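Structural overview
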Amino acid sequence: MFVRRGSGTSLFDELKRAIAEILGVNPSTLGDSPYDLLLKGSEEAGELPLVILIDTASGRDSRVSRDDGSLLSERELAPKGFAIGNLENCRANGG
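Residues numbered from 1 in each chain as written. Predicted model: local features only at pLDDT ≥ 70, side-chain atom pairs only at ≥ 80, totals over all residues. Heavy atoms only, no water.

Our focus in this paragraph is the overall build of the protein. Helices and strands together make up the secondary structure of the protein, namely five helices and two strands. For the protein, the proportion of its 95 residues judged to be buried stands at 26%. Within the protein, residue pairs in contact and separated by at least 24 positions form 46% of the contacts whose partners lie at least 6 positions apart. On the protein, roughly 6500 Å² of surface is accessible, and the fraction owed to carbon and sulfur atoms is 49%. (Helix = DSSP H or I, 4+ residues; strand = E, 2+ residues; numbered from the N terminus. Buried < 20%, exposed > 50% of the residue type's maximum accessible area, 1.4 Å probe, protein only. Contact = heavy atoms within 4.5 Å. Areas by Shrake-Rupley, 256 points an atom, 1.4 Å probe, with all protein chains shown as cover.)

Right, here's the structure in full:
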């Protein structure tokens, strides 16, 4: 799943749009909890892991300037059973 950072009003909004796209539903029908969104996405993925790529939306002339740190941090979702990583962590660990 690809989250197009900078395409919505917040990272949560962009995540919601991406999950709605894979579920084939309107984003307004989904809840307002990051945990619930990821749970729905992982249920749709079935036995495969839900992989989320977050990158700046194509066509933007500048970087996204807002602070999305809280949603991107492990503190937000890891305690609830989601493994959170990023490319820098993967590279550092040989992945």
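Bringing the pattern of salt bridges into the picture now. Scanning all chains against the criterion turns up three salt bridges. Note that Arg66 and Glu14 form a salt bridge whose closest N and O atoms lie 2.6 Å from each other. Here Glu14 lies in helix H1 (residues 11-23) and Arg66 lies in the loop between strand E2 (53-56) and helix H3 (69-72), a separation of 52 residues in the sequence. Where Lys16 meets Asp32, a salt bridge forms, and the shortest distance between an N and an O atom there is 3.0 Å. (Salt bridge = Lys/Arg side-chain N within 4 Å of Asp/Glu carboxyl O.)

Turning next to the nonpolar core. Membership of the largest hydrophobic core is limited to eleven residues, which are Val3, Leu11, Phe12, Leu15, Ala18, Ile19, Ala20, Leu30, Leu37, Leu38 and Leu71. Of all the secondary structure elements, the ones that give two or more residues to this core are H1 and helix H2 (34-45). (Core = buried A, V, L, I, M, F, W, Y, C linked by side-chain atoms within 4.5 Å.)

What you see with strand E1 (residues 2-5) is a clean split: Val3 and Arg5 sit on the buried side and Phe2 and Arg4 on the side with no burial. Bridging between E1 and E2 involves four bridges; their strand directions are parallel. Pairing of Phe2 across the sheet is with Leu53, part of E2. (Pairing = 2+ DSSP bridges.)

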